[in-house]
Structure formats: structure tokens, C-alpha cells
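Residue-level structural notes
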Amino acid sequence: MIDLTKLHSYKESFGYFALQLMYPEKLDFHPAFLEEAFSPDHPGYGHVHTYWTQMQSFSLEEIQESYAATFDFQKDCALYMTYFKFEDAKNADKCSLS
């Protein structure tokens, strides 16, 4: 059973992960952003801190290139559920006219 009260207490950390799956911007890797979403007593703090530390070893340009290579050019890593049905906007337009 899901404890909705406990789930709500992790709202900020879910938001952090959601933003990490969007196109990377400089502020996404600011230490204050991590501190707002995860307190040291959060059960995932150690793992997220390790992720954040590893991401600091890359430039923003490298992170953006990796994001594009992973999510924009690999069919099996598409972030949009409709991609698997329409693949791209051109096909989606054709399908909607049918």
C-alpha cells in the first residue's frame, strides 16, 4: 500500500528527478537546487549526491550533448510516450489528418 502522506513529503525530490529528465540548463546543477530537494536525512540523499558529484565533472555542453544523443537520437530511450506511435511530428500530423 502507498502511504500518500509519506509520498507527498518527497514531492521536491520527485520534482528534482523530473527536471533532470528535461533538457539540461545551468541552474539544474546548482548546489542550492540539490539542497532544496534533498535533506541529508532523505533516504536517497547518498545516491543523489553521488550522481550530482559525477555530473559536476562534465561541462554543461557535454551534458547537453549526452542528453541529445540519448533521448533525441535513440528510439529505445525516447521520453515521450507518443514517439512510439508517431515517431516524429511529421508522422503525427499525417496520422491526425487520416
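Residues numbered from 1 in each chain as written. Predicted model: local features only at pLDDT ≥ 70, side-chain atom pairs only at ≥ 80, totals over all residues. Heavy atoms only, no water.

Okay, the overall build of the protein next. Across its full length, the protein carries seven helices and zero strands. Taken from N to C terminus, the helices and strands of the protein fall in the order α-α-α-α-α-α-α. Taken across its 98 residues, the protein has 19% of its residues classed as buried. Considering only intrachain contacts with a sequence separation of at least 6, the fraction spanning at least 24 residues in the protein is 44%. Summed over its atoms, the accessible surface of the protein is roughly 7900 Å², and 61% of this surface lies on carbon and sulfur atoms. (Helix = DSSP H or I, 4+ residues; strand = E, 2+ residues; numbered from the N terminus. Buried < 20%, exposed > 50% of the residue type's maximum accessible area, 1.4 Å probe, protein only. Contact = heavy atoms within 4.5 Å. Areas by Shrake-Rupley, 256 points an atom, 1.4 Å probe, with all protein chains shown as cover.)

With that out of the way, let us pick up the packing of helix α2 (residues 11–20) against helix α4 (residues 45–55). A packed helix pair is summarised by two numbers, namely the angle formed by the two axes and the spacing between the axes. Packing of α2 against α4 leaves a shortest axis separation of 13 Å and a crossing angle of 30 degrees. As judged from the angle between their axes, α2 and α4 are roughly parallel. Like other packed secondary-structure pairs, α2 and α4 cross with a definite hand, here left-handed. Touching Tyr-16, Phe-17 and Gln-20 of α2 are Val-48, Tyr-51 and Trp-52, all from α4. Of the residues assigned to the contact of α2 with α4, the class counts are five nonpolar, one polar and no charged. (Axes fitted to C-alpha atoms, helices over the stretch in contact; angles between N-to-C directions. Parallel < 35°, antiparallel > 145°, perpendicular 65-115°, else oblique. Left-handed = near helix turned anticlockwise from the far one by under 90°. Nonpolar A, V, L, I, M, F, W, Y, C, P; charged D, E, K, R; others polar.)

Before going further, it helps to examine the environment of Ala-68. Within the secondary structure layout, Ala-68 lies in helix α5 (residues 60–72). Remark: the alpha-carbon pair of Ala-68 and Tyr-23, spanning 45 residues in sequence, is separated by 8.1 Å.

The next subject is the nonpolar core. Residues Tyr-16, Leu-34, Ala-37, Phe-38, Val-48 and Trp-52 constitute the largest nonpolar core, which totals six residues. Listed by contribution, the elements that provide at least two residues to this core are α3 (31–37) and α4. Residues contacting Phe-38, with those up to four places away along its chain left out, are Ser-13, Tyr-16, Phe-17, Tyr-45 and Val-48. (Core = buried A, V, L, I, M, F, W, Y, C linked by side-chain atoms within 4.5 Å.)

The next point concerns the packing of aromatic side chains. This model, assessed by the stated rule, comprises six aromatic pairs. Between the aromatic rings of Phe-17 and Phe-38, the centroid separation amounts to 5.7 Å while the plane-to-plane angle is 75 degrees, which identifies the pairing as edge-to-face. Note that Phe-17 is positioned in helix α2 and Phe-38 in the loop between α3 and α4, a separation of 21 residues in sequence. You can call Phe-17 partly exposed: its relative accessible area is 40%. (Phe/Tyr/Trp six-rings, centres within 6.5 Å; stacked < 30°, edge-to-face > 60°.)

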